Amino acid sequence: MAYVTPNEFVTKMVDAGEAKVFMSTRDTLIRAFMAGAILALAAAFAVTITVQTGEPLLGAVLFPVGFCLLYLMGFDLLTGVFTLVPLALMDRRPGVTMNGVLRNWWLVFVGNFAGAFLVAVMMAITFTFGFTEAPNAVGQKIGMIGEGRTVGYAAHGAAGMLTLFIRGVLCNWMVSTGVVAAMMSTSVSGKVIGMWMPIMLFFYMGFEHSIVNMFLFPSGLMLGGNFSVMDYLLWNEIPTVVGNLVGGLTFVGLTLYATHHRTGPRRTVPEGDVAAPARVPAE
């Protein structure tokens, strides 16, 4: 489990952000779609474990399996690109522009949502035998999560919105730490260990993850949750996305870049760590 020093992995972070800016539209959408789908399956898995065992900690301990798999396969989550892609702009990498950063964020958001929503529909079907029966215990739990984390926040007004935002910040502080932790090792086992700990922490603490919520809340609406699409957007998804952006970029990307980045010759990213496709014009 060879350890990569901070000076080295921060350069890898910038290289990764640059590669994502120049990735083709097709590849960006495919990778984001698969990331959203796999993370949604992991969320369904964790809720199932929690309901069947009555032990939320066990669900949190096993949830990171989805994050580790999607990262090792080179797929992209919005929370990760929020942290990595702006670093290439800050580093003044040739051809990297603000429009390129925004383009990547938008494509990853769309791909993540599509993947998570597809799994939400599939799981709603399995929880209700094709919508012919009332939701089973897991489906009912997902509906309750949707209510509590939308209208539950709304009931507290501005204080609820602040709490939601801060939970989004804390979430991507941990999730992006997991993304970076995977760059600290050159072995699969080292990467998995590094990713596992902060992902487990965010899930057990109930922090708000925009992509996990792309699964939980559409599922909750299909499974009888007493909230609306507007409740979901205004009292969860939009503030969570903003909080995730602030948390990942501020407490992970910018802090590491500010204190560990060193100017000099660019390093070559080891194969398997960051997919760096040939540079193509933005579509």
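Residues numbered from 1 in each chain as written. Predicted model: local features only at pLDDT ≥ 70, side-chain atom pairs only at ≥ 80, totals over all residues. Heavy atoms only, no water.

Focus on the overall build of the chain
Working step 1: Within the chain, the regular secondary structure consists of 12 helices and zero strands.
Working step 2: Overall, the C-alpha framework of the chain stretches about 60 × 35 × 35 Å when taken along its three principal axes.
Working step 3: Put simply, the chain has 283 residues, and 52% of those count as buried.
Working step 4: Taking contacts inside the chain between residues at least 6 apart in sequence as the whole, the part at least 24 apart equals 85%.
Working step 5: Accessible surface, the chain as shown: approximately 12300 Å² in total, 70% of it carbon and sulfur.
Working step 6: Side chains of the chain carry 15 positive and 15 negative charges; the gap between the two charge centres is 9 Å. (Helix = DSSP H or I, 4+ residues; strand = E, 2+ residues; numbered from the N terminus. Buried < 20%, exposed > 50% of the residue type's maximum accessible area, 1.4 Å probe, protein only. Contact = heavy atoms within 4.5 Å. Areas by Shrake-Rupley, 256 points an atom, 1.4 Å probe, with all protein chains shown as cover. Lys, Arg positive; Asp, Glu negative; His and termini not counted. Charge placed at Lys NZ, Arg CZ, Asp CG, Glu CD.)

Remarks on the pattern of salt bridges
Working step 1: In this structure the tally under the stated criterion is six salt bridges.
Working step 2: One salt bridge connects Arg93 with Asp15, and the closest N-O pair in it is separated by 2.9 Å. Remark: Asp15 occurs in helix H1 (residues 6–21) and Arg93 occurs in the loop between helix H5 (78–90) and helix H6 (98–128); sequence separation between them is 78 residues.
Working step 3: Judged by relative accessible area, which is 6%, Arg93 ranks as buried.
Working step 4: Of the charged contacts in the structure, one is a salt bridge between Lys20 and Asp76, with a shortest N-O distance of 2.7 Å. (Salt bridge = Lys/Arg side-chain N within 4 Å of Asp/Glu carboxyl O.)

Here we look at the packing of H5 against helix H12 (residues 229–260)
Working step 1: The geometry of H5 relative to H12 is characterised by a closest axis approach of 8 Å and an angle of 45° between their N-to-C directions. Regarding the angle of H5 to H12, the classification is oblique. Considering how the two elements wind past one another, H5 and H12 form a crossing that is right-handed. Of the residues in H12, those touching H5 at Leu78, Thr79, Phe82, Thr83, Pro86, Leu87 and Met90 are Val241, Asn244, Leu245, Gly248, Leu249, Val252, Gly253, Leu254 and Tyr257.
Working step 2: Of the residues in the contact of H5 with H12, the class split is 11 nonpolar, five polar and no charged. (Axes fitted to C-alpha atoms, helices over the stretch in contact; angles between N-to-C directions. Parallel < 35°, antiparallel > 145°, perpendicular 65-115°, else oblique. Left-handed = near helix turned anticlockwise from the far one by under 90°. Nonpolar A, V, L, I, M, F, W, Y, C, P; charged D, E, K, R; others polar.)

Some words on the layout of surface pockets
Working step 1: The computed volume of the largest pocket comes to approximately 360 Å³.
Working step 2: In terms of lining residues, the largest pocket is bounded by 17 residues, among which Val47, Ile145, Arg149, Phe203 and Gly206 are the most central.
Working step 3: Among the secondary structure elements, those contributing two or more residues to the lining of the largest pocket are helix H2 (25–53), helix H7 (137–148), helix H10 (188–205) and helix H11 (210–222).
Working step 4: Considering every element that reaches the lining of the largest pocket, the biggest residue donor is H7, with four residues.
Working step 5: Class assignment for the residues of the lining of the largest pocket results in 11 nonpolar, four polar and two charged. (1 Å grid on protein atoms, 1.4 Å probe; cavity = no way out; pocket = protein on both sides within 12 Å on 5 of 7 lines; lining within 4 Å. Points joined across faces, edges and corners; volume = space filled by probe spheres on them.)

What to know about H1
Working step 1: Taking 1.5 Å as the rise per residue, H1 with 16 residues should run 22 Å; its terminal C-alpha atoms sit 23 Å apart, in good agreement.
Working step 2: The buried fraction of H1 amounts to 13 of the 16 residues, a majority that puts the element mostly inside the structure. (Expected span 1.5 Å × (residues − 1).)

Notes on the packing of aromatic side chains
Working step 1: Applying the stated rule across the entire model yields nine aromatic pairs.
Working step 2: Centre to centre, the rings of Trp173 and Phe251 are 4.3 Å apart; their planes meet at 10°, and the pair counts as stacked. Within this pair, whereas Trp173 is found in helix H9 (residues 157–181), its partner Phe251 is found in helix H12, the two being separated by 78 residues in sequence.
Working step 3: The partly exposed category is assigned to Trp173, whose relative accessible area is 32%. (Phe/Tyr/Trp six-rings, centres within 6.5 Å; stacked < 30°, edge-to-face > 60°.)

Things to note about the environment of Phe67
Working step 1: Residue placement: Phe67 occurs in helix H4 (residues 64–72).
Working step 2: Using a relative accessible area of 3% as the deciding quantity, one classes Phe67 as buried.
Working step 3: Each C-alpha atom of the pair Phe67 and Ile199 lies 7.8 Å from the other, and the pair is 132 residues apart in sequence.
Working step 4: Contacts of Phe67, omitting those with residues within four sequence positions, involve Leu39, Leu77, Val175, Gly178, Val179, Met195 and Ile199.

Details of the confidence of the model for the chain
Working step 1: The predicted model of the chain averages 93 in pLDDT, with 92% of residues at 70 or higher.
Working step 2: Low pLDDT, under 50, characterises residues 274–278; the predicted model gives this stretch 10 contacts beyond four residues in sequence or across chains. (pLDDT = per-residue confidence, 0-100.)

Some remarks on the side chain of Asp76
Working step 1: Within the secondary structure, Asp76 sits in the loop between H4 and H5.
Working step 2: A distance of 2.7 Å separates a polar atom in the side chain of Asp76 from a polar atom in the side chain of Lys20.
Working step 3: When neighbours within four sequence positions are excluded, Asp76 is seen to be in contact with Lys20, Met23, Arg31, Ala32, Ala35, Val81, Val108 and Asn112. (Polar contact = N/O pair within 3.5 Å; in protein donor to acceptor, adjacent residues only side chain to side chain.)

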